[in-house]
Amino acid sequence: MTLKQVQEGIVNSQVWKSVFRVGIPNTNRKRVLAVLGSLILHLHPVKVRRSGVRMSYTWCMGGTSFFLFLVETVTGLLLMFYYRPTIEYAFTDIMDLREQAPFGIMREMHRWGAHAMVIAVWLHMFRVFMTGSYKPPREFNWNVGVILLVLTLLLSFTGYLLPWDQLAIWAITVGSNMARATPGAGNEGPMSALIKLGDVPLIHAGDDARFGLIGGRSIGAATLLRFYVLHCMVIPLAAGFLMAIHFWRVRKDGGISGPM
Amino acid sequence: MTFLKNFINVLSVASISFIFLSATFAFIVYFCLLDGKVKSKAGVAFIIVGLILATAGLWFLPMFYLSIAYFLSLWGLATLGPRLWDSKTGLWLLIAGAGGFGLSLLDSNFKLIAAKPDNVPIGAMIFLLGIFTWIALRKAYLNDRQIAAGGMTFEKTETNEKLFVWPDLVYTEMLCMIALTIVMIIWSVALRAPLEEAANPTSSPNPAKAPWYFLGLQEMLVYFDPWLAGVVLPTLIIVGLMAIPYIDTNPKGNGYYSFRERKWEIGVFLYGFLVLWSFLIITGTFLRGPNWNFFGPFEFWDPNKLEPLVNVDLSELIWVKALSMPLPKLWIIREAFGLGLILLYLGLAPAAAKGPFRRFYLKMGAPRYYVGAYLFLVMLALPIKMVLRWIFNLKYIVHIQEIFFNI
């Protein structure tokens, strides 16, 4: 049996045909059907502008951001098998993860992927700006993109606390101290002192914006759990939902940017 | 070698200000207005202003060479600017910079900071930003040349040329994914993710730094109070980014690289993105050490380094130093000058609408113009405050500690 016969045997088998309806896309008709008939591939149109395929034009940064989001999702899921978001276990679980667990590079990849994703998202925004691809009819999608950028930063920020090492709690302390100064909502913010009932101040360290963010007066068990839930559920779901809109609008607003 | 390192160390303390100032100047004036026409009258004026600033620097800033460097940099930017992306010069400079970075890693103090695991991505980011800025501006210049010659942009010539997603796009995507996977695996195996000792709420590290992407905001804390640097300005960055497509009514440059057709947009955006955001992050990461003191790249991060800084409020400068009077008790009188200055600053927008920016006002209409103008003024408030701090040690323009309202 030659290789070609093996290949044909596989491609013509009932199993293969049940999965891939079209067969090898070797004619234009089959190429169209291959994209249309697949849930994943039909995110794409059937045809794209030549510049949409050029790396020098798109820098591939939007795709890189999405791919890194997927990397973060997969590695993050693996980390969730080992990691417990409590003050007692968080740090030791991370130690175990890198010293004991098989595929111990998952945490490394998750951490570096997060850094890379932040940079990729910035560069994506940079490219979209430089080609003027926020101009009509793409204004709304640019806005969705800005929110996704903020969500990326929040994902990274909430994840920063989870290893529960010195780097983590002090970075989050510095970061969340800013919330103390929210005008009218933080206990050290301007105008907050004016909000009071008689002599009783209504905005104080026990109920201000920072308290709401970290679930206490200082970074502690409540913050860790809060950030864990935000990091693993709330923000990824929100980002996933917005990404669906983002990709959909790319197609509806004229395809991967090109001259309008 | 040691001499060179010491020279860079001493220079870099001043150069944070001089890079910042010249970048501000270059981006706003040169990028937006001049477009590299150095031989024109504007170019001459540009160099004269540089000279005046440099001379003023002799009086206000303690270091002589700062002024020289400042002037040279302005002059160099003005003459060399466009050539950086018109030819491969910019790329060669980047490669030279990368080489310098690599050589610097031989220095133990530099290595301690630059090769710290958490800082590695930021080092990579510097070069990525450089490369992509160069690519974008080079493509823009090439397109501009085509447009000037009456031709079509590169993107437009192929806009009707469509390719099948299968195989052209799908394969590109797959190759990218494979390449990225390999990069991620090598990166993860070669370099351990940062992990310090277990959290200890009673011992705070020095310096305590926010996550690296927020270090620009932390750097802003030096110049503004947390309510501005940590809350209001970040909010305005997001709002400003979202407002861009609605403020920018220029129909040109939609979907292709171009510089001449959108000088102002690109000038302002690059200034915000490269200088105010990225440069401050890089400064905050590599050059800010214990007690948030400034350290040169080859300097040891000595926690005992003392930097005597006596920052004074505007009210004190005026009432006590200039008028030789005690500070008035009532804050509205005490801060009258500062509040007046702020109002004057905010009045720049309507004034400019009648004066030099009238064509913008007419083209954009009042709502767009004012939103854009105020976002721009808020953005410029940061470099202005930085310069005031360096030159006059000015702490607050308005200081109403009664309600935590300090600017």
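Given the structure is predicted, the values throughout are model-derived calculations rather than measurements.

**Student:** Is there a simple way to explain the overall build of chain A in this structure?
**Tutor:** Within chain A, the regular secondary structure consists of twelve helices and three strands. In terms of overall dimensions, chain A has a C-alpha envelope of 85 × 50 × 30 Å along the principal axes. Counting only residues that meet the buried cut, chain A has 46% of its 260 residues in that class. Counted over contacts in chain A with a minimum sequence separation of 6, partners at least 24 positions apart contribute 60%.

**Student:** Honestly, the overall build of chain B in this entry has me stumped. Any pointers?
**Tutor:** Helix and strand counts for chain B stand at 17 helices and three strands. By the burial criterion, 32% of the 407 residues in chain B qualify as buried. Counting contacts in chain B only where the partners sit at least 6 residues apart, residues at least 24 apart contribute 69% of the total.

**Student:** Can you help me understand the domain arrangement of chain A in this one?
**Tutor:** Note on interface size: it is often stated as the accessible area lost on association of the parts. By domain assignment, chain A separates into domain 1 (1-47) and domain 2 (48-252). Measuring from the centre of the C-alpha atoms in domain 1 of chain A to the corresponding centre in domain 2 of chain A gives 39 Å.

**Student:** What should I look at first to understand the nonpolar core in this one?
**Tutor:** Taken as a class, soluble globular proteins show a tendency for nonpolar side chains to be buried jointly. Judged by nonpolar contacts, the single largest core of 110 residues is most densely connected at Met117(A), Ala120(A), Leu161(A), Trp164(A), Ala168(A), Ile169(A) and Ala171(A). When residues in this core are grouped by element, the largest group, 18 residues, is from helix H8 (residues 105-130) of chain A. If we ignore the near neighbours within four places in the chain, the residues touching Met117(A) are Ser65(A), Leu68(A), Phe69(A), Glu72(A) and Thr152(A). Core analysis: the next-biggest nonpolar cluster, separate from the first, contains five residues, Ala34(A), Val35(A), Val165(B) and Leu169(B) among them.

**Student:** How do you make sense of the confidence of the model for chain B when you look at a structure like this?
**Tutor:** Low pLDDT marks stretches whose predicted atomic positions should not be read closely. All names here are of chain B. Residues at a pLDDT of 70 or more form 80% of chain B, whose mean pLDDT is 81. Element-level pLDDT for chain B is lowest in helix H2 (residues 41-60), with a mean of 57, against a maximum mean of 92 in helix H10 (residues 226-247). Interface confidence for the predicted complex, expressed as ipTM, amounts to 0.90; the pTM equals 0.90.

**Student:** Help me understand the interface of chain B and chain A, please; the structure alone is not making it clear to me.
**Tutor:** Contact residues are listed per partner, giving 73 residues for chain B and 81 residues for chain A. Among the secondary structure elements, those contributing two or more residues to the side of chain B that touches chain A are helix H6 (120-148), helix H7 (154-157), strand S1 (162-164), helix H8 (165-190), H10 and helix H11 (263-287) of chain B. The dominant element in the side of chain B that touches chain A, judged by the number of residues it contributes, is H8(B), at 14 residues. For the side of chain B that touches chain A, a count of residues per class yields 47 nonpolar, eleven polar and 15 charged.

**Student:** Just to check I follow, could you spell out H11(B) for this structure?
**Tutor:** At 3.6 residues per turn, the α-helix brings residues three or four places apart onto the same side. Compared with an ideal rise of 1.5 Å per residue, which puts 25 residues at 36 Å, H11(B) spans 32 Å between its outermost C-alpha atoms and falls more than 12% short. The largest bend along H11(B) measures about 30 degrees and falls at Ser278(B).

**Student:** Would you explain the packing of helix H9 (residues 139-161) of chain A against helix H12 (residues 221-252) of chain A in this entry?
**Tutor:** All names here are of chain A. Close contact between H9 and H12 brings their axes to 9 Å; oriented N to C, the two are set at 160 degrees. When the interaxial angle is binned, H9 and H12 end up roughly antiparallel. Considering the relative orientation of H9 and H12, their crossing is left-handed. Along the lines of polarity and charge, the residues of the contact of H9 with H12 split into 18 nonpolar, seven polar and one charged.

**Student:** Would you take a moment to explain the environment of Glu219(B) for this structure?
**Tutor:** Residue and element names in this part refer to chain B. Structurally, the position occupied by glutamate 219 is in helix H9 (residues 215-220). We classify glutamate 219 as buried; it has 25 C-beta atoms within 10 Å. In this structure the C-alpha to C-alpha distance between glutamate 219 and threonine 283, which are 64 residues apart in sequence, comes to 8.0 Å. Not counting chain neighbours up to four residues away, the residues in contact with glutamate 219 comprise Leu280, Thr283 and Gly284.

**Student:** Before we go on, may I ask you to explain H8(B) in this structure?
**Tutor:** With 26 residues, H8(B) should reach 38 Å at 1.5 Å per residue; the first-to-last C-alpha distance of 36 Å fits that figure. Of the positions making up H8(B), those classed as buried are Val165(B), Trp166(B), Leu169(B), Met184(B), Trp187(B) and Ser188(B). The inward-facing, buried residues of H8(B) abut helix H3 (28-36), strand S1 (47-49), helix H4 (50-53), helix H6 (61-82) and H8 of chain A together with S1 of chain B.

**Student:** Explain the environment of Val120(B) here, please?
**Tutor:** All names here are of chain B. Relative to the assigned elements, valine 120 resides in helix H6. As for valine 120 and leucine 191, which are separated by 71 residues in sequence, their C-alpha atoms are 9.4 Å apart. Each residue touching valine 120, except ones within four places of it in the same chain, is listed here: Ala115 and Leu191.

**Student:** Explain unusual backbone geometry to me, please; I cannot follow it from the model alone.
**Tutor:** Negative phi is the rule for most residues except glycine; trans is the rule for most peptide bonds. Of the consecutive residues Trp166(B) and Pro167(B), the connecting peptide bond is found in the cis state with omega at 15 degrees. Its place among the elements puts Pro167(B) in helix H8. Look at the link from Asn206(B) to Pro207(B): it is a cis peptide, with omega at 0 degrees. As for its position among the elements, Pro207(B) is in the loop between H8 and H9. The residue Cys60(A) is not glycine, and still its phi comes out positive at about 60 degrees. Looking at the element boundaries, Cys60(A) is found in the loop between helix H5 (55-58) and H6.

Basis of the calculations
- Residues numbered from 1 in each chain as written.
- Chains lettered and ligands numbered in written order.
- Predicted model: local features only at pLDDT ≥ 70, side-chain atom pairs only at ≥ 80, totals over all residues.
- Helix = DSSP H or I, 4+ residues; strand = E, 2+ residues; numbered from the N terminus.
- Buried ≥ 20, exposed ≤ 12 C-beta atoms within 10 Å, placed from the backbone.
- Contact = placed C-beta atoms within 7 Å.
- Domains from an automatic or database assignment.
- Core = buried A, V, L, I, M, F, W, Y, C linked by C-beta atoms within 7 Å.
- pLDDT = per-residue confidence, 0-100.
- Nonpolar A, V, L, I, M, F, W, Y, C, P; charged D, E, K, R; others polar.
- Expected span 1.5 Å × (residues − 1).
- Bend = angle between axes of the 7 residues up to and from the residue.
- Axes fitted to C-alpha atoms, helices over the stretch in contact; angles between N-to-C directions.
- Parallel < 35°, antiparallel > 145°, perpendicular 65-115°, else oblique.
- Left-handed = near helix turned anticlockwise from the far one by under 90°.

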